[in-house]
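# Inside the fold
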Amino acid sequence: MNCTRMKEIGGYIEVEYYKGKMLYDDGVKINCGRNALEYIILAKKIKRILMPKFMCDSCDGVLARNNVSVRYYSIGYDFKPQLKDVYDDEYIYIVNYYGQLTNEYIASIGYKNIIVDNSQAYFQKPISGVDTIYTCRKFFGVSDGAIVYTSNTIDITLQDESFERMRFLMGRFERSASEFYDEYVNNNHLFKNEPIKRMSKLTENLLHSFDYDMIKNKRTENFRYLHEHLSCINKLTLDLVEGGYMYPLMIENAEKVRKQLQKKKIYIPILWPSVFSMCKKEEKEYYMADNILPLPVDQRYDINDMQYIIEEILNEI
């Protein structure tokens with residue numbers, strides 16, 4: 001008889017272990033998106049990088065502590081990068097805004113050192129041989145987690161734990177979002193100085209529980225419905241996407257509309273507030289950050305919800 005085993009037997013039952021198929025189970029699973037970039041920087045020994053102006057400042061600390069030299073580039077109203085004078089040893093960080101950059105377009109860019117940020121395009125498959133990042137908490141009810149695809153690997157010695165970061169998710173399930181919003185914001189800030197860790201067991205387990213086909217279909221249906229009814233007022237020309245993140249509606253006086261929608265409990269974020277300090281008012285990135293309303297299309301909502309959003313927006317403009 002083996003008397004040395006230390007596994008606990010009995011006691012209260014914990015969260016179930018899920019056995020469903022996980023999307024991107026073959027990728028490198030780590031604790032957060034900014035550390036996904038750091039993973040690639042360390043694995044590829046990156047020293048120079050081109051970053052878009054139209055982005056949050058979450059990666060600034062990662063780039064600084066790894067002594068990566070940064071230059072910034074602009075994007076167009078089609079969200080495509082406007083690149084020139086790229087050096088041979090320079091990596092290009094390409095954000096796939098709202099899933100509007102197809103794999104065919106990304107493959108046609110013509111530069112070898114590309115990192116694709118698919119944080120807003122979770123259902124867009126990685127391109128073979130192209131470094132790619134996915135962020136789990138933008139699409140699913142988890143507090144952390146990211147997936148990395150890259151040809152080089154590094155050892156990860158630390159294991160993340162997320163049970164103490166789940167309160168705002170559980171709280172919103174039974175109460176209102178506003179009651180737990182501060183905890184949600186604090187959770188985002190926690191990752192600012194977090195080292196690279198393996199994805200928490202809890203988050204990975206939850207990622208085995210989701211119905212990915214249902215989620216993708218629901219997001220696709222909601223995105224398409226908003227586009228059918230709002231494209232006539234949208235200053236952006238958009239492609240329909242599968243499993244969309246949010247629907248970007250660019251209109252004049254978006255801030256006024258955002259505030260009115262908030263009164264109706266329709267919460268529309270400003271995704272890149274740091275753009276306002278980085279860019280001048282006459283730059284298009286400033287205009288886009290100020291006037292794009294990212295409308296929710298996720299799996300919690302149906303066509304009736306989309307119709308309500310449409311009606312309230314049209315009433316305001």
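Relevant structure appears above.
When helices and strands are tallied, the protein shows 11 helices and 10 strands. Here the C-alpha coordinates of the protein stretch approximately 75 × 50 × 35 Å along the principal axes. The 317 residues of the protein split such that 49% are buried. Long-range contacts, defined here as pairs at least 24 residues apart, represent 63% of the contacts in the protein between residues at least 6 apart. Of the roughly 17,200 Å² of accessible surface on the protein, a fraction of 49% belongs to carbon and sulfur atoms. Taken together, the 42 basic and 45 acidic charged side chains of the protein have centroids lying 3 Å from each other.

Now for the sheet that holds strand β5 (residues 91-95). The mixed open sheet is built from eight strands, whose spatial order is β1-β8-β7-β6-β5-β2-β3-β4. Whereas interior strands pair on both sides, the edge strands pair on one side only; in this sheet they are β1 (28-30) and β4 (81-82). Looking at chain direction, strand β2 (residues 48-52) and strand β3 (residues 69-75) are connected through five bridges and run parallel. Within β3, the residue paired with arginine 48 across the bridge is serine 69. Along the sheet face, helix α10 (residues 284-291) touches β3 and β4 and points at about 70° away from the line of β3.

This brings us to the pairing of β3. You can see the chain leave β2, run along helix α2 (residues 60-65) and come back into β3, and the turn it takes is right-handed. When β3 meets β4, the two strands line up antiparallel, connected through two bridges. Paired with isoleucine 75 across the two strands is proline 81, which belongs to β4. As consecutive antiparallel partners, β3 and β4 are separated by five residues, and within that stretch phenylalanine 79 has a phi angle of approximately 70°, a positive value.

With that out of the way, let us pick up unusual backbone geometry. At tyrosine 24, a residue that is not glycine, the phi angle is positive and equals roughly 70°. Take tyrosine 24: it is sitting in the segment before β1.

Right, let's get into the environment of leucine 226. For leucine 226, the location among the structural elements is in helix α7 (residues 212-230). Taking relative accessible area as the criterion, leucine 226 reaches 0% and is therefore assigned buried. Taking the C-alpha atoms as reference, leucine 226 lies 9.8 Å from proline 248; in sequence the two are 22 residues apart. Apart from the residues within four sequence positions on either side, leucine 226 is in contact with Ser231, Tyr247, Leu295, Pro296, Val297, Met306 and Ile310.

Applying the stated criterion across every chain, the model contains 16 salt bridges. In this structure, a network of salt bridges that share partners links the residues Asp25, Lys29 and Glu204.

A few words on the environment of tyrosine 72. With respect to the helices and strands, tyrosine 72 occurs in strand β3. Overall, the relative accessible area of 39% leaves tyrosine 72 in the partly exposed class. Placed 18 residues apart in sequence, tyrosine 72 and phenylalanine 54 show a C-alpha to C-alpha distance of 9.3 Å. Setting aside residues no more than four positions away along its own chain, tyrosine 72 makes contact with Leu50, Met51, Pro52, Lys53, Asp60 and Met278.

This next bit is on the nonpolar core. By size, the foremost hydrophobic cluster in this structure holds 92 residues, and its most contacted members are Leu37, Phe54, Phe79, Tyr122 and Leu295. In contact with tyrosine 122, other than residues within four places in its own chain, are Leu23, Tyr24, Tyr134, Thr135, Cys136, Phe139, Phe140 and Ile147.

Bringing the side chain of serine 74 into the picture now. Within the element layout of this structure, serine 74 appears in strand β3. Judged by relative accessible area, serine 74 falls into the buried class, the value being 19%. At a separation of 3.4 Å, a polar atom in the side chain of serine 74 contacts the side chain of glutamate 285.

Rules and cut-offs
Per chain, the residues get numbers from 1 upward, laid out in the order the sequence is written. With the structure being a predicted model, the display of local features is reserved for residues of pLDDT at least 70 and the display and counting of side-chain atom pairs for 80 or more, all residues being used for whole-chain, interface and lining totals. Neither water nor hydrogens contribute to the side-chain values; these are computed over all heavy atoms in the structure. Numbering of helices and strands runs from the N terminus, with a helix taken as a DSSP run of H or I at least four residues long and a strand as a DSSP run of E at least two residues long. Between buried and exposed lies partly exposed: a residue is buried under 20% and exposed over 50% of the maximum accessible area for its type, with that area taken using a 1.4 Å probe on protein chains only. Note on contacts: a residue pair is in contact if any heavy atoms of the two residues lie within 4.5 Å. For every accessible area listed, the method is Shrake-Rupley and the probe measures 1.4 Å; residues are considered covered only by the protein chains on display. His is not counted, nor are the chain ends, whereas Lys and Arg count as positive and Asp and Glu as negative. Every charge is mapped to an atom, namely NZ of Lys, CZ of Arg, CG of Asp or CD of Glu. Strands pair, by our definition, only if DSSP identifies at least two bridges between them. For every element, the axis is a line fit to its C-alpha atoms; helices are fit only across the contacting stretch, and the angle between N-to-C directions ranges from 0 to 180 degrees. For a crossover, the right-handed case is the one in which the path from the first strand over the helix to the second runs clockwise, viewed with the strands pointing away from the viewer. Salt bridges are counted wherever a side-chain nitrogen of Lys or Arg sits within 4 Å of a carboxyl oxygen of Asp or Glu. Among the buried residues, those of types Ala, Val, Leu, Ile, Met, Phe, Trp, Tyr and Cys that are joined through side-chain atoms within 4.5 Å form a nonpolar core. For the purposes of these results, a polar contact is taken to be a pair of N or O atoms within 3.5 Å, where, inside protein, one atom must be able to donate a hydrogen and its partner to accept one; residues adjacent in sequence count only when each atom of the pair is a side-chain atom.

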